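# Understanding the architecture of this molecule
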Amino acid sequence: MDASGQSDTPVVKNKVLIKGGTVVNDDRSFSADVYVQDGIIAQIGHDLSVPDDTIAVSAEGKLVIPGGIDTHTHLQFRKNGITSVDDFSQGTKAAAAGGTTMIIDCVLDNSDCSLVESYDKWRAMADDSVVGDYALNVAITKWDNKVKIDMEKLVHQRGVNAFLVFMSYKDKWQLSDSELYQAFCHMRDLGALALVHAENGDVIKQGEDEMIKQGVVGPEGHELSRPEEVEAEAVQRAITIADQANCPLYVVRVMSKGSADVIAECRKKGYVVFGEPIAASLGTDGTQYWNTKWREAAAHVTSPPLRPDPTTPGYLMDLLANGDLQVTGSAHCSWTTAQRAAGQTDFTLIPHGVNGIEERMSIVWENGVATGKMDENTFVAVTSTNAAKIFNLYPRKGKIAVDSDADIVIWDPEAIRTISASSHNQASDVNIFEGMEVHGVPVVTLSKGRVIFKDDQIVANSEGHGVFVDRKAHCDHIYGRLDARAKYLLPRAVIRMEHDGPVAQTAPSVAAGYQPRAPRPIRNLHESQFTLSGDTKQGDDDEIGTPISRRNRKPATRVNAPPGGRSSLNIFE
């Protein structure tokens, strides 16, 4: 890599003509051929003039769409001494097989390394392995001055423009509300995007302890200890804190109706917030946590959990189609059954994460386009273009246009495939979408003009073809609006006519030497100054607050006043 952190991997020189397809962008669809040269889209139209050595690829009857951008992955993730089974090579191959040409992975290091050191570690794992392009977001799991300095280096020197914070995983990654506010303010000053994993960590910890205490140790305890309400509450709190800091917010892993509703309502009120449902929350539900086969139940453990309400996936898809939610990720972090078995007798020890990197686009097509909830242009928006705009990759990514990267997928909307662990391009032995039949599959996937997937096969020797993509801060798509709002809402003093009348003299201030009089002792109002002895005289100042029994007074006089009789005491005497 060069000094700027940008990969120096050379672009493969190639010439490809994609003929006969329908180009689909987020804003329109049209019939055209697409000519690619040296990794860049060079021409779009009909009857194009191209060199004789150009490779022709037929897209007759197919859609030509921008390569998918998966906004959320955890490849080669290490936790509690084990590493997720899909590394950067296997994971990006699976992505390409699903029509995704770029991933944004998350640097989430469980070691004591600094943020910059962790970033460098991730680059070393990925640079020579990725099949398609990639970028990195960085997780903030503690808050101090060193973290602030490292964030500045990552933004200014390493091409990072988004940071992830956690409101859960108490005593591990969770930040307090005060720390969240400080982190959001710093991200705003850097022009970065704040990503948040929103769950109420304090409540979850109590819930987990209670489940274990009651003997609920299986995967169902995971969902029961993290109910939908603690997700929705945290989303509302995160949006409020980010708004006070005037920082744009992106909610990862939207898993419930409640949290999605909070995002939708806040967007209607003008908050700058984006929502990311994932393949799992759009394609399946949490009823599997009660599956009597532990293997199947444990495979669905992720956080926030899938919700047992079977109408949740359709509800989230409705909001995605209508623009209330904006992008789709996979949160891909895949484990084998043997790795998950570490939590066989304690659900809190099951490693969190599900698959989705390969299935994401087909699931959105099947449950979105095939059902009539969204059109092909919205499909492109929520699987590619919106992500490119939010993460400052547009129009290099997310668009079929001249001078854009030739990350292109030839998509067959009529093709059908059945998802299965026996045929997927991942290393895990389970697939949470097992047996699901989907319409819409990629036929050919190109990364910067090079074919990396064709005929249901990953093209050999594709590892290392992808490069790290530097992302600049202060993305106009989100900060243009924020900056305008901040300027509009800037407090302004009221311009008034000067008062030309008389001005009263005020009492001397404390600063001028005035000393306030010492307060009188506080009187106990429960004690009366009245006595039956006839002594109604107020005591001296030094007697105020002194119990009556200790003051100088006449002896008490017995009152002989039987019913109907009269007293022998004359109190006026």
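Residue positions within a chain follow its written sequence, with the count starting from 1. Totals for whole chains, interfaces and linings use all residues, but because this is a predicted model, local features are given only for residues with pLDDT of at least 70 and pairs of side-chain atoms are given and counted only at 80 or more. The side-chain quantities take in all heavy atoms of the structure and omit both hydrogens and water.

Going by what an unreviewed UniProt entry lists, the protein chain is known as dihydropyrimidinase and is assigned to Branchiostoma lanceolatum. UniProt positions are given in the numbering used here, feature names are shortened, and annotations may be inferred rather than shown by experiment. According to its UniProt record, the protein chain has this under Catalytic activity (unreviewed entry): "5,6-dihydrouracil + H2O = 3-(carbamoylamino)propanoate + H(+)". In UniProt, the protein chain has this text filed under Subunit (unreviewed entry): "Homotetramer."

### Description of the overall build of the protein chain
Within the protein chain, the secondary structure is distributed over 15 helices and 20 strands. Throughout this description, buried means an accessible area under 20% of the type-specific maximum (1.4 Å probe, protein chains only), exposed means over 50%, and partly exposed covers the range between. Put simply, the protein chain has 573 residues, and 53% of those count as buried. Per-residue and other accessible areas follow the Shrake-Rupley method at a 1.4 Å probe size, with only the shown protein chains counted as cover for residues. Element-wise, carbon and sulfur atoms account for 50% of the exposed surface of the protein chain, whose accessible area totals about 26200 Å². Helix and strand labels come from DSSP, where a helix needs a run of H or I of at least four residues and a strand needs a run of E of at least two; each type is numbered from the N terminus.

### Details of the pairing of strand E18 (residues 437-447)
Where burial is concerned, most of E18 is hidden: eight out of the eleven residues are buried. If DSSP finds at least two bridges between two strands, the strands pair. Here E18 folds back onto strand E19 (residues 450-454) in antiparallel fashion, the turn holding two residues, of which Lys448 has a positive phi close to 50°.

### Re empty space enclosed by the protein
Definitions used for this entry: grid spacing 1 Å over protein atoms alone; cavity, a set of points where a 1.4 Å probe fits but cannot get out; pocket, an open set with protein on both sides within 12 Å along at least 5 of 7 lines; lining residue, one with an atom within 4 Å of a point. Grid points are joined across faces, edges and corners, and a volume is the space filled by probe spheres set on the points. Counted by the stated rule, this structure contains seven cavities of 30 Å³ or more. Empty space within the largest cavity amounts to approximately 180 Å³. If you trace the largest cavity, you find 16 residues lining it, with His74, Leu108, Tyr169, Trp173 and Arg253 closest to the centre. Basically, the charged four are Asp, Glu, Lys and Arg, the nonpolar ten are Ala, Val, Leu, Ile, Met, Phe, Trp, Tyr, Cys and Pro, and anything else, Gly included, counts as polar. Among the residues forming the lining of the largest cavity, the class breakdown is eight nonpolar, six polar and two charged.

### Points about the sheet that holds strand E5 (residues 40-45)
Read across the sheet, four strands follow the order E5-E4-E1-E6 without closing on themselves; strand pairing throughout is mixed. Since the sheet does not close on itself, it has two edges, and those belong to E5 and strand E6 (55-58), each with one partner. Neighbour-to-neighbour, the strand axes of this sheet turn through a mean angle of 20°, independent of strand direction. Looking at chain direction, strand E4 (residues 33-37) and E5 are connected through five bridges and run antiparallel. Within the sheet, the bridge partner assigned to Gln37 lies in E5 and is Ile40. Think of each axis as a best-fit line through the C-alpha atoms, taken over the contacting stretch in the case of a helix, with angles from 0 to 180 degrees between the N-to-C directions.

### Looking at unusual backbone geometry
Only a minority of non-glycine residues have a phi that is not negative, and only a minority of peptide bonds are not trans. The amide bond that connects Ser303 to the next residue, Pro304, takes the cis arrangement and shows omega of -10°. Positionally, Pro304 belongs in the loop between helix H10 (294-299) and helix H11 (312-322). Here the bond from Tyr394 into Pro395 is cis, since omega is 0°, no more than 30 degrees from zero. Topologically, Pro395 is positioned in the loop between helix H14 (376-390) and strand E17 (408-418). Within the chain, Gln76 stands out as a residue other than glycine whose phi angle is a positive 55°. Counting through the fold element by element, Gln76 comes out in the loop between strand E8 (68-73) and strand E9 (78-79).

### Re the sheet that holds strand E2 (residues 22-24)
The sheet built from seven strands is open, its strands ordered E3-E2-E7-E17-E18-E19-E20 with mixed pairing. Only two strands of the sheet have a single neighbouring strand rather than two, namely strand E3 (29-31) and strand E20 (457-458). Across two bridges, the pairing between E2 and strand E7 (residues 63-66) is parallel. Pairing of Val23 across the sheet is with Val64, part of E7.

### Points about the pairing of E19
The pairing of E18 with E19 spans four bridges and is antiparallel. Bridging from a neighbouring strand, Leu446 pairs with Val451 of E19.

### With respect to the side chain of Lys79
Within the secondary structure, Lys79 sits in strand E9. Those residues in contact with Lys79 that lie beyond four places of it in its chain are Asn110, Tyr169, Lys172 and Trp173. It only takes one pair of heavy atoms within 4.5 Å for two residues to be counted as in contact.

### A short note on the packing of aromatic side chains
Classification of ring pairs uses Phe, Tyr and Trp, with its six-membered ring standing for Trp, and accepts pairs whose centres are within 6.5 Å; under 30 degrees between planes counts as stacked, over 60 as edge-to-face, and the remaining range as tilted. On inspection of all chains with the given rule, the structure shows ten aromatic pairs. Here the aromatic rings of Tyr134 and Phe468 are separated by 5.4 Å at their centres, their planes lie at 70°, and the arrangement is edge-to-face. Of this pair, Tyr134 sits in strand E12 (residues 133-140) while Phe468 is found in the loop between E20 and helix H15 (476-488), placing the two residues 334 residues apart along the sequence. Overall, the relative accessible area of 0% leaves Tyr134 in the buried class. Plain terms: the ring middles of Trp365 and Trp411 are 6.0 Å apart, the flat faces sit at 50° to each other, and that makes the pair tilted. With Trp365 in helix H13 (residues 360-369) and Trp411 in strand E17, this pair connects stretches of sequence that are 46 residues apart. Its relative accessible area of 0% is what places Trp411 among the buried residues.

### A few points about the side chain of Arg307
As for its position among the elements, Arg307 is in the loop between H10 and H11. Here a polar contact means two N or O atoms within 3.5 Å. Within protein one must be a hydrogen donor candidate and the other an acceptor candidate, and residues neighboring in sequence count only if both atoms are side-chain atoms. A polar contact is formed between the side chain of Arg307 and the side chain of Glu223, at a distance of 3.2 Å. A polar contact is formed between the side chain of Arg307 and the backbone oxygen of Pro305, at a distance of 3.5 Å. When sequence neighbours within four positions are dropped, the list of residues in contact with Arg307 reads Glu223, Arg226, Pro227, Glu228, Glu231, Met255, Ser256, Asp285, Gly286, Thr287 and Thr312.

### Some thoughts on the pattern of salt bridges
Counted as salt bridges are all cases of a side-chain nitrogen of Lys or Arg within 4 Å of a carboxyl oxygen of Asp or Glu. Inspection of every chain in the model, using the stated rule, returns 28 salt bridges. One salt bridge in this structure joins Lys15 and Asp53, with 3.4 Å as the shortest N-O distance. In this pair, Lys15 sits in strand E1 (residues 15-19) while Asp53 sits in the loop between E5 and E6, placing the two residues 38 residues apart along the sequence. Residues Glu231 and Arg307 are paired through a salt bridge, measuring 2.8 Å at the closest nitrogen-oxygen approach. Here the residue Glu231 occupies a position in helix H7 (residues 228-244), and Arg307 occupies one in the loop between H10 and H11, the gap between them amounting to 76 residues. Comparing Glu231 with Arg307 shows no difference in burial state: the two are buried. Bridged by salt links that share partners, the residues Asp133, Arg396, Lys397, Asp405, Asp407 and Lys448 form one connected network.

### Quick look at the environment of His156
Along the polypeptide, His156 turns up in helix H3 (residues 145-157). Between the C-alpha atoms of His156 and Leu190, which are 34 residues apart in sequence, the distance is 8.8 Å.

### Quick notes on the packing of helix H4 (residues 177-190) against H7
Between H4 and H7, the least distance of the axes is 9 Å, while the angle of their chain directions is 45°. In terms of orientation, H4 lies oblique with respect to H7. For the crossing formed where H4 meets H7, the hand is right-handed. Contacts from Asp177, Leu180, Tyr181 and Phe184 of H4 reach H7 at Arg237, Ala238, Ile241, Ala242 and Gln244. The residue inventory of the contact of H4 with H7, partitioned by class, reads six nonpolar, one polar and two charged. Here the word oblique covers every angle except those under 35 degrees (roughly parallel), over 145 (roughly antiparallel) and from 65 to 115 (roughly perpendicular). The handedness criterion is simple: a crossing whose near helix is rotated anticlockwise from the far helix by less than a right angle is left-handed, and one whose near helix is rotated clockwise is right-handed.

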